[in-house]
Amino acid sequence: MTSSPTEPLDFRDVRHAYDMVAEAYASYLPDTRAEAPIDLAVIDAFAEAVTSGGDARVLDAGCGPGRMSRYLAERGCQVQGLDLSPGMIAMARRDQPDLMFTVGSLTALPYPDDQFAGVLLWYSTIHTPPAGQARIFAEAARVLRPTGHLLVGFQAGEGTRDLSAAYRRFGHEIHLERHHYTADHVAAEIAAAGLREECRLVRRARGTERDDQAFLLARAG
């Protein structure tokens, strides 16, 4: 069952948490070293799908400090990044000065309809509870051009995990939760937004990961 788009959402804790950890986060994850080769292969396929259509405009929605924005730009995409956290956007503008970044919410994207050939949601839906998932995918679908592509990456599973203790070990007193969704659940949300799933990949956890990782590629039209 897809989520309701009408329940109120409060992202103040998420914004505050990422503002607090932005500089440390940018230092710890400056590039794609955290991704497995197969994860990057999925992003490569997304970038190729976007750029082969003759319109390379991509929204990196939930871009953090812009590491995936840089990766996409190096593959020919014309990237704009957006993040809820002003602190993260400050890091993105510092570290990727040639790219464009904007503060904004995934549930109310500050762009007109049919603006992008691709939307990347790379682990950026995970702090939104079930009540907000439909809004995220409806907004992604709205700003996608006809035949545009959406790529979603997330920790697969069910339930909610409190991440506060993990950050506390690094000296950050924040409150942050991560919501887990199955690939089937996300596929249903994508379909409800009017997008067509093209492929999915679910891989097992590796290294220090505790959860399976899932990636869904979908297309408008």
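Residues numbered from 1 in each chain as written. Predicted model: local features only at pLDDT ≥ 70, side-chain atom pairs only at ≥ 80, totals over all residues. Heavy atoms only, no water.

Looking at an unreviewed UniProt entry, one finds the protein chain named SAM-dependent methyltransferase and attributed to Micromonospora luteifusca.

Undergrad: In this structure, what is going on with the pattern of salt bridges? I would like to understand it.
TA: Note that side chains of opposite charge can pair when their charged atoms are close. A full pass over the atoms with the stated rule returns 19 salt bridges. Measuring nitrogen to oxygen at the nearest pair gives 2.8 Å for the salt bridge that ties Arg 67 to Glu 35. Residue Arg 67 is found in helix H3 (residues 67-73), and its partner Glu 35 is found in the loop between helix H1 (12-28) and helix H2 (37-51); the two are separated by 32 residues along the sequence. Side by side, Arg 67 and Glu 35 carry an identical accessibility label, which is buried. Arg 200 is the partner of Asp 184 in a salt bridge, and the nearest nitrogen-oxygen pair spans 2.7 Å. With Asp 184 in helix H7 (residues 183-192) and Arg 200 in strand S8 (residues 196-203), this residue pair connects regions lying 16 residues apart in the sequence. Shared partners join several salt bridges into a network, and the residues in it are Asp 39, Arg 203 and Glu 209. (Salt bridge = Lys/Arg side-chain N within 4 Å of Asp/Glu carboxyl O. Helix = DSSP H or I, 4+ residues; strand = E, 2+ residues; numbered from the N terminus. Buried < 20%, exposed > 50% of the residue type's maximum accessible area, 1.4 Å probe, protein only.)

Undergrad: Before we go on, may I ask you to explain the UniProt feature "domain: Methyltransferase" (unreviewed entry) in the protein chain in this structure?
TA: Per the UniProt entry, the sites bearing "domain: Methyltransferase" (unreviewed entry) are residues 58-148 in this numbering. Between the end C-alpha atoms of residues 58-148 the distance is 9 Å, and the span holds 34% helix and 29% strand. (UniProt positions renumbered as here; feature names shortened; annotations may be inferred.)

Undergrad: For this particular structure, what's the right way to read H2?
TA: One turn of an α-helix holds 3.6 residues; hence residues three or four places apart share an orientation. Between its first and last C-alpha, H2 extends 21 Å over 15 residues, near the 21 Å set by a 1.5 Å rise per residue. Among the structural elements, strand S1 (57-61), H3, strand S4 (116-122), strand S5 (144-155), S8 and strand S9 (213-219) are those in contact with the buried residues of H2. (Expected span 1.5 Å × (residues − 1). Contact = heavy atoms within 4.5 Å.)

Undergrad: Just checking my understanding: could you explain the packing of H1 against helix H4 (residues 86-95) for this structure?
TA: Relative placement of two packed helices is described by the angle separating their axes and the distance separating the axes. For the pair H1 and H4, interaxial distance at closest approach is 6 Å and the crossing angle is 30°. Overall, the two elements H1 and H4 adopt an arrangement that is roughly parallel. Each of Arg 15, Tyr 18, Asp 19, Ala 22, Glu 23, Tyr 25 and Ala 26 in H1 lies in contact with H4, whose residues at this interface are Pro 86, Gly 87, Met 88, Met 91, Arg 94 and Asp 95. By residue class, the composition of the contact of H1 with H4 is seven nonpolar, one polar and five charged. (Axes fitted to C-alpha atoms, helices over the stretch in contact; angles between N-to-C directions. Parallel < 35°, antiparallel > 145°, perpendicular 65-115°, else oblique. Nonpolar A, V, L, I, M, F, W, Y, C, P; charged D, E, K, R; others polar.)

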